[in-house]
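A structural walkthrough
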Amino acid sequence: MSTGTSTVTSEWSGEAVRVGLVGAGPWARGVHARVLAAGPETRLTGVWARRPEAARETAAPYGAAVAASFEELLDGCEAVAFAVPPAVQAELALRAARAGKALLLEKPLGIDLESARRLADAVAEAGVVSQVVLSNRYHPVVRQFLATARTLDVSGARASMLSGAFLGGPFATPWRLEHGALLDLGPHVLDLLDAAVGPVVGIRGTGDPRRWYELTCEHANGAVSQASLSGSVNVPEGVTRVELYGARPPLVLDGAGLDHEEAWPVLRREFATAVRTGVPRELDARRGLRLQTLLDQALGQR
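Because the structure is a prediction, the values reported are computed rather than measured.

Rules used throughout
Residues numbered from 1 in each chain as written. Predicted model: local features only at pLDDT ≥ 70, side-chain atom pairs only at ≥ 80, totals over all residues. Heavy atoms only, no water. Helix = DSSP H or I, 4+ residues; strand = E, 2+ residues; numbered from the N terminus. Rg over C-alpha atoms; globule rule 2.2 N^0.38 Å. Buried < 20%, exposed > 50% of the residue type's maximum accessible area, 1.4 Å probe, protein only. Contact = heavy atoms within 4.5 Å. Lys, Arg positive; Asp, Glu negative; His and termini not counted. Charge placed at Lys NZ, Arg CZ, Asp CG, Glu CD. Expected span 1.5 Å × (residues − 1). Axes fitted to C-alpha atoms, helices over the stretch in contact; angles between N-to-C directions. Parallel < 35°, antiparallel > 145°, perpendicular 65-115°, else oblique. Pairing = 2+ DSSP bridges. Core = buried A, V, L, I, M, F, W, Y, C linked by side-chain atoms within 4.5 Å. Salt bridge = Lys/Arg side-chain N within 4 Å of Asp/Glu carboxyl O. Left-handed = near helix turned anticlockwise from the far one by under 90°.

Section: the overall build of the chain
A count of helical and extended segments in the chain gives eleven helices and twelve strands. Over its C-alpha trace the chain gives a radius of gyration of 19 Å, about what one expects of a compact globule, namely 19 Å for 302 residues. Each principal axis of the C-alpha distribution contributes one length, and for the chain these read about 55 × 40 × 40 Å. Residues counted as buried form 54% of the 302 residues belonging to the chain. The long-range fraction of contacts in the chain, counting pairs at least 24 apart against all pairs at least 6 apart in sequence, stands at 72%. In the chain, 31 side chains carry a positive charge and 33 a negative one; their mean positions are 0 Å apart.

This is the structure we're talking about:
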C-alpha cells in the first residue's frame, strides 16, 4: 500500500508537525495513521482510542506512543487528528482547540448543527489552525476540474455519490447507519457543488437518508443543481460524479478512475504549512460549519 508521498516533489525544509491521532478504527488505521507517519511534514507521535488494544495496533507500525488518556495525547503533540464519530469529534476537538492544538478534522464537524457551531466557535476563539478532510478537494484532478468550472457560466448541474458502504463492512458504523448518506456523503457533494457552481443559497431535500436522498440546490448565480446520495445501493465501486451544464459542452468530474492516494500528500503538506504559518486554508472549520448549515437546512426542508 502506498504511503501517500509520491505526488509532492518539493522538499520540506521545516520541522515536522507532531500530530496525535484520536481513533483506531479502519479509517484511522488505513488513512490517518499511515499518511501522518509518512512525513516529512508530519510525525505521528501518539494514538489514543477508547479501546487500548486497538490504539496499540494502530500505533505500533509507526513507533508511535499509545496515550493512556486524551489529556496525555494532548501533552505529547502540537496538532490533533480525529478519526472518530462526529459526536465524539465535536466534544474532543473542542477541548483540543481550547488547549491550543491545531486540528485535522473529519466531516461532518458534529452530529448536528449546534455541536458543529460550538466547535467552530471554539476554533475561532482559540485562534488555532483547523483543516477538514474533504478528501476529494485535495486531489489534483478535482482541483483542475474546479479551476475550469470557475471559468464557465453554469446553468445547471447534476451530482451523485453512491456506494454500498452501509450494506456491510468496516464503514457500516452505527452513526452512519442511523443518520445515513446525508451526514456522511452530503458534505462531499455540497462542497463540490458549492465550489464548482457557486455559493448555495437555498437547498431542499427529500427521501430517506438511510436509503436514497435527493438534494436540490439554488446557487447565488441563478443556477440549480441536484444531487443523489446513497450508501445503501449495490454498486461494484463507489460512484462520485459531477456534471456541469451551460452554453458550452458539459464539464464532467468522474471519480471512477481517480487514485485517491494522490490526495493524501497534498492534504498533509497543506495542513503542516498551515500549522507552521498559523494561516488556515479554505477548507477549515468555517467551511465545515457552512456545509453543516446546509445539511441542517436540507433536513428542515424535507
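A few points about helix α4 (residues 86-98)
If you check α4, its first and last C-alpha atoms are 18 Å apart, about what 13 residues at 1.5 Å a residue would give, namely 18 Å. Those residues of α4 lying buried are Pro86, Gln89, Ala90, Leu92, Ala93, Leu94, Ala96 and Ala97. Two residues or fewer past α4, glycine 100 is found with a positive phi of approximately 85°.

Describing the packing of helix α6 (residues 140-149) against helix α9 (residues 186-196)
Each packed pair of helices is defined by two parameters, the angle between the axes and the distance between the axes. Running from N to C, α6 and α9 point in directions that differ by 40°, and their axes come no closer than 9 Å. In this view, α6 runs oblique relative to α9, as classed from their interaxial angle. Between α6, through Val142, Phe145, Leu146 and Ala149, and α9, the contact on the second element is made entirely by Leu192, Ala195 and Ala196.

A closer look at the sheet that holds strand β1 (residues 17-22)
Ordered by their spatial adjacency, six strands build an open sheet running β3-β2-β1-β4-β5-β6, and the pairing between neighbours is parallel. Looking at strand neighbours, the two that pair on one side only are β3 (65-66) and β6 (130-132), the edges of this open sheet. The pairing of strand β2 (residues 42-48) with β3 spans two bridges and is classified as parallel. Bridging from a neighbouring strand, valine 47 pairs with valine 66 of β3.

Comments concerning the nonpolar core
Ranked by internal contacts, the top residues of the largest apolar core, which has 100 residues, are Phe82, Leu103, Leu215, Leu229 and Leu244. It is helix α10 (residues 264-277) that provides the largest number of residues to this core, a total of seven residues. Not counting residues up to four positions away in its chain, the partners in contact with leucine 103 are Val80, Phe82, Ala93, Ala96, Ala97, Leu119, Val123, Val129, Ser130, Gln131 and Phe271.

Here we look at the pattern of salt bridges
Per the counting criterion, the structure on display carries 22 salt bridges. With a shortest N-O distance of 2.9 Å, aspartate 191 and arginine 287 are connected by a salt bridge. In this pair, aspartate 191 is assigned in helix α9 and arginine 287 in helix α11 (residues 285-300), connecting sequence segments 96 residues apart. Given a relative accessible area of 1%, aspartate 191 falls into the buried group. Close ionic contact of arginine 204 with glutamate 218 constitutes a salt bridge, the shortest N to O distance being 3.0 Å.

Remarks on the packing of helix α5 (residues 113-126) against α11
Two elements in contact, α5 and α11, have axes whose closest approach is 9 Å; the angle formed by their N-to-C orientations is 165°. Viewed along their axes, α5 and α11 adopt a mutual orientation that is roughly antiparallel. Crossing of α5 over α11 shows left-handed handedness. The residues of α11 that touch α5, namely those facing Leu113, Ala116, Arg117, Ala120 and Val123, are Ala285, Leu289, Gln292, Thr293 and Asp296.

Description of the pairing of strand β4 (residues 79-82)
Of the two faces of β4, the one holding Ala79 and Ala81 and the one holding Val80 and Phe82 are both buried throughout. In this structure, β1 lies alongside β4, joined through four bridges in parallel fashion. Counted as the bridge partner of valine 22 is phenylalanine 82 from β4. Strand direction decides the pairing type here: β4 and strand β5 (residues 102-105), joined by three bridges, are parallel.

Considerations on the environment of glycine 238
With respect to the element layout, glycine 238 can be found in the loop between β10 (224-230) and β11 (239-246). Note: C-alpha distance between glycine 238 and glycine 164 (74 residues apart in sequence) is 7.4 Å. With sequence-adjacent residues up to four places away left out, glycine 238 is seen in contact with Leu162 and Ser163.

Regarding the environment of alanine 87
Mapped onto the fold, alanine 87 is located in helix α4. On the basis of relative accessibility, which here comes to 43%, the residue alanine 87 falls in the partly exposed class. C-alpha separation for the pair alanine 87 and leucine 36, spaced 51 residues apart in sequence, amounts to 23 Å.

As for the side chain of glutamate 106
Checked against the element boundaries, glutamate 106 lands in the loop between β5 and α5. One buried charge, glutamate 106, has no salt-bridge partner; the nearest side chain with opposite charge is lysine 107, at 5.2 Å. Those residues within four positions of glutamate 106 in sequence are excluded, and the remaining contacts are Trp27, His32, Phe82, Ala83, Gln89, Val132 and Val133.

Shape descriptors only; they carry no functional weight alone.
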